[in-house]
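The primary structure of each chain is shown beneath.
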Amino acid sequence: ALTIGIVGLPNVGKSTLFNALTKNSVLAANYPFATIEPNIGVVPLKDPRLERLAQIHGSAKILPATVSFVDIAGIVRGASEGEGLGNKFLANIREADAICQVVRAFRDDDVVHVDGRISPGDDIETINTELVLADLQTLENAIPRLEKEVKGKRTGKEVLDTALAAQQVLERGDTLYAAGEAAGVDRSIARGLGLLTTKPFLYVFNLDEDGLTDEALHAELAATVAPAEAIYLSAKLEADLAELEEDEARELLESVGVTEPGLDQLARVGFDTLGLQTYLTAGPKESRAWTIRQGSTAPQAAGVIHTDFERGFIKAEVVSFDALDELGSMAKAKEAGKVRIEGKDYVMADGDVVEFRFNV
Ligand code: GDP
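Residues numbered from 1 in each chain as written. Predicted model: local features only at pLDDT ≥ 70, side-chain atom pairs only at ≥ 80, totals over all residues.

- The name an unreviewed UniProt entry gives the protein chain is Ribosome-binding ATPase YchF, with Serinicoccus chungangensis as the organism.
- The protein chain has a UniProt comment under Function (unreviewed entry) that states "ATPase that binds to both the 70S ribosome and the 50S ribosomal subunit in a nucleotide-independent manner." (UniProt positions renumbered as here; feature names shortened; annotations may be inferred.)

## What to know about the sheet that holds strand β7 (residues 229-233)
Then comes step 1: With mixed pairing, 6 strands are arranged side by side in an open sheet as β2-β4-β1-β5-β6-β7. Looking at the sheet topology across the chains shown, the edges are occupied by β2 (40-44) and β7. Within this sheet the neighbouring strands show an average axis-to-axis angle of 25°, counted without direction.
Then comes step 2: Looking at chain direction, strand β6 (residues 201-206) and β7 are connected through 5 bridges and run parallel. Bridging across to β7, leucine 202 finds its partner in glutamate 229.
Then comes step 3: Packing against the sheet, helix α1 (residues 14-23) makes contact with β1 (3-7), β2, β4 (66-71), β5 (98-104) and β6, and its axis sits at approximately 55° to β2.
Then comes step 4: Each of β1, β5 and β6 touches helix α4 (residues 120-151); the most contacted strand, β5, lies at about 145° to it. (Pairing = 2+ DSSP bridges. Helix = DSSP H or I, 4+ residues; strand = E, 2+ residues; numbered from the N terminus. Axes fitted to C-alpha atoms, helices over the stretch in contact; angles between N-to-C directions. Contact = placed C-beta atoms within 7 Å.)

## As for the UniProt feature "domain: TGS" (unreviewed entry) in the protein chain
Then comes step 1: Mapped onto this structure's residue numbering, the UniProt feature "domain: TGS" (unreviewed entry) falls at residues 275-358.
Then comes step 2: Across residues 275-358 one finds 31% helix and 39% strand; the C-alpha atoms that close the span lie 27 Å apart.

## Some remarks on the nonpolar core
Nonpolar side chains tend toward joint burial in soluble globular proteins.
Then comes step 1: Counting 85 residues, the largest nonpolar core has Ile6, Ala166 and Val204 as its most contacted members.
Then comes step 2: Broken down by element, this core gets its largest block of residues, 7 residues, from α4.
Then comes step 3: Contacts of valine 204, omitting those with residues within four sequence positions, involve Leu17, Cys100, Val102, Val103, Ile231, Leu233 and Leu266. (Core = buried A, V, L, I, M, F, W, Y, C linked by C-beta atoms within 7 Å. Buried ≥ 20, exposed ≤ 12 C-beta atoms within 10 Å, placed from the backbone.)

## Structural notes on the site of the ligand
Then comes step 1: Taken together, 15 residues sit near the ligand, with Gly13, Lys14, Ser15, Thr16 and Asp108 positioned nearest.
Then comes step 2: Broken down by secondary-structure element, the contributors of at least two residues to the shell around the ligand are α1 and α9 (235-242).
Then comes step 3: For the shell around the ligand, the element with the most residues is α1, which contributes 3 residues.
Then comes step 4: Here the residues of the shell around the ligand are counted per class, giving 5 nonpolar, 7 polar and 3 charged. (Near = placed C-beta within 6 Å. Nonpolar A, V, L, I, M, F, W, Y, C, P; charged D, E, K, R; others polar.)

## Considerations on the UniProt feature "binding site: ATP" (unreviewed entry) in the protein chain
Then comes step 1: Here, the residues flagged by UniProt with the feature "binding site: ATP" (unreviewed entry) are Asn11, Val12, Gly13, Lys14, Ser15 and Thr16.
Then comes step 2: Inspection of the secondary structure puts glycine 13 in the loop between β1 and α1.
Then comes step 3: Under the C-beta neighbour-count criterion, glycine 13 is labelled buried, with 25 such atoms within 10 Å.
Then comes step 4: Excluding residues that lie within four positions of it along the chain, glycine 13 makes contacts with Val102, Arg104, Asn206 and Ala235.
Then comes step 5: Of note, serine 15 is situated in helix α1.

## Quick look at the packing of α1 against α9
Then comes step 1: Axis separation between α1 and α9 bottoms out at 8 Å; the angle between their running directions is 25°. Considering their axes alone, α1 and α9 lie roughly parallel with respect to each other. Judged by the twist between their axes, the crossing of α1 over α9 is left-handed. Mapping the contact onto sequence places Thr16, Leu17, Asn19, Ala20 and Lys23 in α1 and Ala235, Lys236, Glu238, Ala239 and Ala242 in α9. (Parallel < 35°, antiparallel > 145°, perpendicular 65-115°, else oblique. Left-handed = near helix turned anticlockwise from the far one by under 90°.)

## A look at the packing of α4 against helix α5 (residues 157-171)
Then comes step 1: It is the contact of α4 with α5, at a shortest axis distance of 9 Å, that shows an interaxial angle of 150°. In terms of orientation, α4 and α5 fall into the roughly antiparallel class. Crossing handedness for the pair α4 and α5: left-handed. Residues Val132, Asp135, Leu136, Leu139, Ala142, Ile143, Leu146, Glu147 and Val150 of α4 form the contact with α5, whose own contacting residues are Lys157, Val159, Leu160, Ala163, Ala166, Gln167 and Leu170.
Then comes step 2: Looking at side-chain class alone, the contact of α4 with α5 contains 12 nonpolar, 1 polar and 3 charged residues.

## Digging into the environment of glutamate 229
Then comes step 1: Examined against the element boundaries, glutamate 229 turns out to sit in strand β7.
Then comes step 2: Each C-alpha atom of the pair glutamate 229 and proline 200 lies 9.6 Å from the other, and the pair is 29 residues apart in sequence.
Then comes step 3: Among all residues touching glutamate 229, those that are not within four sequence positions of it are Leu202, Val269 and Thr273.

## Re the environment of glutamate 310
Then comes step 1: When you line up the elements, glutamate 310 lands in helix α13 (residues 307-311).
Then comes step 2: Placed 34 residues apart in sequence, glutamate 310 and lysine 344 show a C-alpha to C-alpha distance of 9.5 Å.
Then comes step 3: Apart from residues no more than four positions distant in its own chain, glutamate 310 is found in contact with Pro299, Gln300, Ala302 and Gly303.

## Quick notes on the pairing of strand β10 (residues 313-320)
Then comes step 1: Where β10 meets strand β12 (residues 352-358), 7 bridges bridge the pair, whose relative direction is antiparallel. Looking across to β12, one finds that serine 320 is bridged to aspartate 352.
Then comes step 2: Note that β10 and strand β11 (residues 340-342) share 3 bridges and pair antiparallel. Paired with alanine 316 across the bridge in β11 is glutamate 342.

## Overview of the pairing of β2
Then comes step 1: With 4 of 5 residues buried, β2 is to be regarded as a mostly interior element.
Then comes step 2: In terms of strand pairing, β2 meets β4 through 5 bridges, oriented antiparallel. Along β4, the bridge assignment pairs isoleucine 40 with valine 70.

See below:
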């Protein structure tokens, strides 16, 4: 499964947030891969559509899609030099598929800030500078090697061109993700070179409770990280919510003027940032969301259930959740002509409720 690495300066609330994530984790019985390591939190992607599908089909079980977060400790100034903790940090971040930065925006005189002041913009700069320096170091080693390989025709020129374009972006102090492909940096080549800042970034601003509904503040913070997505939450509040029963949690949320827990937003935005989407299946046994890459075709989607389904794919019977929801049963959806037959070139859409036909 793809993972999101959680990073941030010391004392910004990473552990608090990660502990809340872990408390929200899915039951390992349903997700055998979810137990493995203490620094991995596998959280459900909340999807109210599944409850409705279960109601329509009389499903015994609901299985939401999941998002995996990895707690990556150890970013400090100088991490890019690869000393001690720095090496481990870089190795961990290399394995993550997206980078989630937790940024302190709460004020609390009892919690020391490493740099002695609360300044989200400066904190982001500190972390991104380490990642940019690590990438520059990677390129400094790679470019002379690539020059030789291109001369000897063992490597395509586009790889060297990408490396040089990336170097220009990084020398300006920008991440490759923020610069985008417009800067002439082919993302998949850059990733192949092991460059960290091509990974998608998202930001969690850890706010005081009264900041949760402060839209002017959110807009100001969003501007510092665009085009990356941002989530505004209080890690402390999320930790409290994780301890409560559902109705109590809802009351607490309402009392601070928020409708959705920050962790649910984080799961949703994280899932999206990873380039993933879901489709749905439903029957008496279970209503379930399956994870696919955005843009997957019907056979690729079938392959997520079982590899044999991809090879033996014949067709997909697809109904949109909205149509099924409105008509209230599969039989009625069929009657109304809302169940489509799709072939192997069909690109899956969000909210597709699917049944695959296949040869085995
Ligand atoms: P880490 O070093 O980034 O993992 O930070 P921790 O999660 O250990 O948090 C550092 C300190 O900040 C702890 O004392 C937390 O209780 C406190 N803290 C974390 N989140 C919040 C928050 O949202 N508001 C306040 N006031 N304190 C917080």
